[in-house]
Amino acid sequence: MADIDAQIEELTRGVVDFHVRKELEERLREGRPLRVKVGFDPTRPDLHLGHTVVLSKMRQFQDLGHEVIFLVGDFTASIGDPTGKSATRPVPTREEIEEGARTYAAQAYSVLDPAKTSIRYNTEWLGSMRFDDVIRLAGRYTLARMMERDDFKKRYAENRSISLHELLYPLAQGYDSVVLEADVELGGTDQLFNLLVGRELMREHGLRPQIVMTTPLLEGLSAREEGGRIVGDKMSKSLDNYVGVAEAPEEQLGKLMSISDALMWRYYELLSRVPVAEIENRRAACASGAMNPKQAKMSLAKEIVARFHDDAAADAAEAKWEAQFARREIPEDMPEVTLTIEGEGVWLPKALAEAGVLKSSSDGRRRLQQGGLQVDGDKVTDPKAQLAPGKTYVIKAGKRAWVRLTVQAG
RNA sequence: GGAGGGUUGCCCGAGUGGUCAAAGGGAGCAGGCUGUAAACCUGCCGGCUAUGCCUACAGUGGUUCGAACCCACUACCCUCCA
């Protein structure tokens, strides 16, 4: 096994919380593959880059010869993870959970090594517990300790509801660690409390407490810089500020190219496999003007696209992006829509709305007024512009929306 | 069982009888500029061929010339007392 200090250095890169270094040293010295546990919520199977931060950390463990337990929280999913939310979520069906777990694992394997990953479901042990088992488990923790959790503390102080079952969630998660006899548990920083409950419960059950590491939560695409700090929501699907691991190469590349320069360095730190020293070189080069930040951004974007697709796809996406946005050429492929109309012609904004290119004709009117519409290469200035039937038009509506629109008489 | 607080546009959040399609942020969009869908600046940001009309401030009904704002009931959320 590799030098222990070197291992620890690599394993702690980018890590926020780390409990406890000495224990990790000890276990690494034992020279056996460690059991690294990470729990996942199968109700949200669409992985985005935010999830890959912890996945990458898991991969590092695998590359060093350790074993990863991919724990599907299928049972806890039906309790409802309280993290950050007070809204009660609908309980997913068995089929939804299984399907979610399958999709999740398939996507996770774009980062993880399948050969060193075992998938477990916590229904296996939680599903057969009786009520007295649950009470006994609950007896090992106190309300005061539970209320130490930031989320609970805050909600309680702000007069927001906390359901009782939410208090059981950390216990269930901790119990998973007891059953699995985890050596290490990883999670996002929002999981710190739950991970530490795991340590406590393991100790209670006469086991060596797991080592706990948390990875940062990745900011979403729209995060910006304010006073030298990155501010903005965490990456999430519901805020539509994410890059999905299953998205098309051009989408991924385009989204990544739209992040601010400040955010780019954050992404380098958390997502790139480029060595730390090299990242610092690039940062310095950009700061001094020796390197164009666009170049650094493209390099990062392509690295990520290639991870989920391949190098060829990344190159193709780059070529397309350069053509469309840097050189503002007409893309070779664009949606083709045929619209059937009555009468002599159709108002351009209305046509775009009906073709599904824009969300409403008001939206089209606005863009027209602002000079954002082009038909066959000419900017449209007439607010009443019509499209005559019997022709095909190439239309650009703003920066990104293109259509080849055929208008035919009805 | 009782008392109180709340529900505003994609999100947060002002607004307590007319000047409110509703302040301010954020997100988003367009244009300019550029190194890009960065940054920055300007504008837009419910729908409708449109200097007007329609829909909208949880729902229903009411008071009023006029209501997001007042009243009643309903639904949902939260807190406190029991």
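Residues numbered from 1 in each chain as written. Chains lettered and ligands numbered in written order. Predicted model: local features only at pLDDT ≥ 70, side-chain atom pairs only at ≥ 80, totals over all residues. Heavy atoms only, no water.

## Examining a negative patch on the surface
Our working definition: Each patch is assembled from residues with relative accessible area greater than 30% and no salt bridge, linking like charges that lie within 9 Å and nonpolar side chains (Val, Leu, Ile, Met, Phe, Trp, Tyr) that lie within 5 Å. Note on areas: Shrake-Rupley, 1.4 Å probe, and residue coverage restricted to the protein chains presented here. The term salt bridge refers to a pairing of a side-chain nitrogen on Lys or Arg with a carboxyl oxygen on Asp or Glu at a separation within 4 Å. Counting rule applied: Lys, Arg positive; Asp, Glu negative; His and chain ends not counted. Each charge is placed at NZ for Lys, CZ for Arg, CG for Asp and CD for Glu. Helix and strand assignments come from DSSP, with helices taken as H or I runs of at least 4 residues and strands as E runs of at least 2, each series counted from the N terminus. Accessible area is worked out with a 1.4 Å probe on protein chains only. A residue is then buried under 20% of its type maximum, exposed over 50%, and partly exposed in between.
A cluster of acidic side chains, namely Asp3, Asp5, Glu9 and Glu10, defines a negative patch on the protein surface. As for its placement among the helices and strands, Glu10 is situated in helix α1 (residues 4-11). On the basis of relative accessibility, which here comes to 40%, the residue Glu10 falls in the partly exposed class.

## What to know about the pattern of salt bridges
A complete count under the given rule lists 37 salt bridges for this structure. Here Lys37 ties to Glu185 by a salt bridge, and the two come within 3.0 Å at their closest N and O atoms. One end of the pair, Lys37, is in strand β2 (residues 35-40); the other, Glu185, is in strand β5 (residues 184-188), and 148 residues separate them in sequence. The class of Lys37 is buried, set by a relative accessible area of 0%. With its nearest N and O atoms 3.1 Å apart, the salt bridge here joins Arg102 to Glu99. Taken as a pair, Arg102 and Glu99 lie in helix α5 (residues 94-108) at a separation of three residues, close to a single helical turn. Linked through salt bridges whose partners overlap, the residues forming this network are Arg27, Glu30, Arg32, Asp183 and Arg208.

## Side note on the sheet that holds strand β11 (residues 373-375)
Convention followed: Here, strands pair whenever DSSP counts at least two bridges between them.
Strand order in the open sheet made by the five strands is β9-β15-β14-β11-β12, with mixed pairing throughout. Strand pairing shows two members of the sheet lacking a second neighbour, β9 (336-341) and β12 (378-379), which therefore form its edges. Pairing between β11 and β12: two bridges, direction antiparallel. Each bridged residue has a counterpart across the sheet, and for Val375 the counterpart in β12 is Asp378.

## As for the sheet that holds strand β4 (residues 117-121)
For clarity, the threshold we go by: It only takes one pair of heavy atoms within 4.5 Å for two residues to be counted as in contact. Every axis corresponds to a line fitted to the C-alpha atoms, with the helix fit spanning only the stretch in contact, and the corresponding angles, defined between N-to-C directions, vary from 0 to 180 degrees.
In spatial order, the strands read β1-β6-β5-β2-β3-β4; together these six strands make up an open sheet with mixed pairing. Two strands close off the open sheet at either side, each with one partner strand: β1 (18-19) and β4. Running at roughly 115° to strand β6 (residues 211-215), helix α2 (residues 21-29) makes contact with β1, β5 and β6 of the sheet. Sitting on the sheet, helix α10 (residues 164-180) touches β2, β3 (67-72), β4 and β5, and the angle it makes with β2 is about 150°.

## Some words on the side chain of Lys37
Let me state the cut-off plainly: Pairs of N or O atoms are called polar contacts if they sit within 3.5 Å, as long as, within protein, a hydrogen donor faces a hydrogen acceptor (for residues adjacent in sequence, only side-chain-to-side-chain pairs).
One polar contact links the side chain of Lys37 to the main-chain carbonyl oxygen of Gln173, over a distance of 3.0 Å. Excluding residues that lie within four positions of it along the chain, Lys37 makes contacts with Ile69, Leu71, Gln173, Asp176, Ser177, Leu180, Ala182, Val184, Glu185 and Leu186.

## Considerations on the domain arrangement of chain A
Many structure descriptions define interface size as the accessible area lost when the parts assemble. Stated formally: Residue ranges assigned to the domains are those given by an automatic or database domain assignment. Two parts placed together each lose some accessible area; with a 1.4 Å probe, that loss summed over both constitutes the buried area.
Here chain A is described as being made up of domain 1 (4-215), domain 2 (224-326) and domain 3 (336-409). Each of domain 1 and domain 2 was reduced to a C-alpha centroid, and the two centroids are 29 Å apart. At the interface, 11 residues of domain 1 touch 20 residues of domain 2. Of the roughly 1300 Å² buried between domain 1 and domain 2, counting both surfaces, carbon and sulfur atoms make up 64%. Looking only at domain 1, the three residues that lose the most surface to domain 2 are Arg13, His48 and Leu49, adding up to 49% of its buried area. Connecting domain 1 to domain 2 are one salt bridge.

## Focus on the nonpolar core
Generally speaking, soluble globular proteins have nonpolar side chains that are buried together. Where we set the bar: Only buried residues count toward a nonpolar core. Its members are Ala, Val, Leu, Ile, Met, Phe, Trp, Tyr and Cys residues joined through side-chain atoms within 4.5 Å.
Ranked by size, the top nonpolar core spans 65 residues in total, and within it Leu49, Met58, Phe70, Leu186 and Tyr267 carry the most contacts. Shared between two domains, this core holds at least three residues of each, these being domain 1 (4-215) and domain 2 (224-326). Excluding anything up to four places from it in sequence, Leu49 contacts Leu218, Met235, Val243, Leu256, Leu271, Ile304 and Phe308. Listed in part, the 22 residues of the second largest apolar core include Val337, Val346, Leu352 and Val407.

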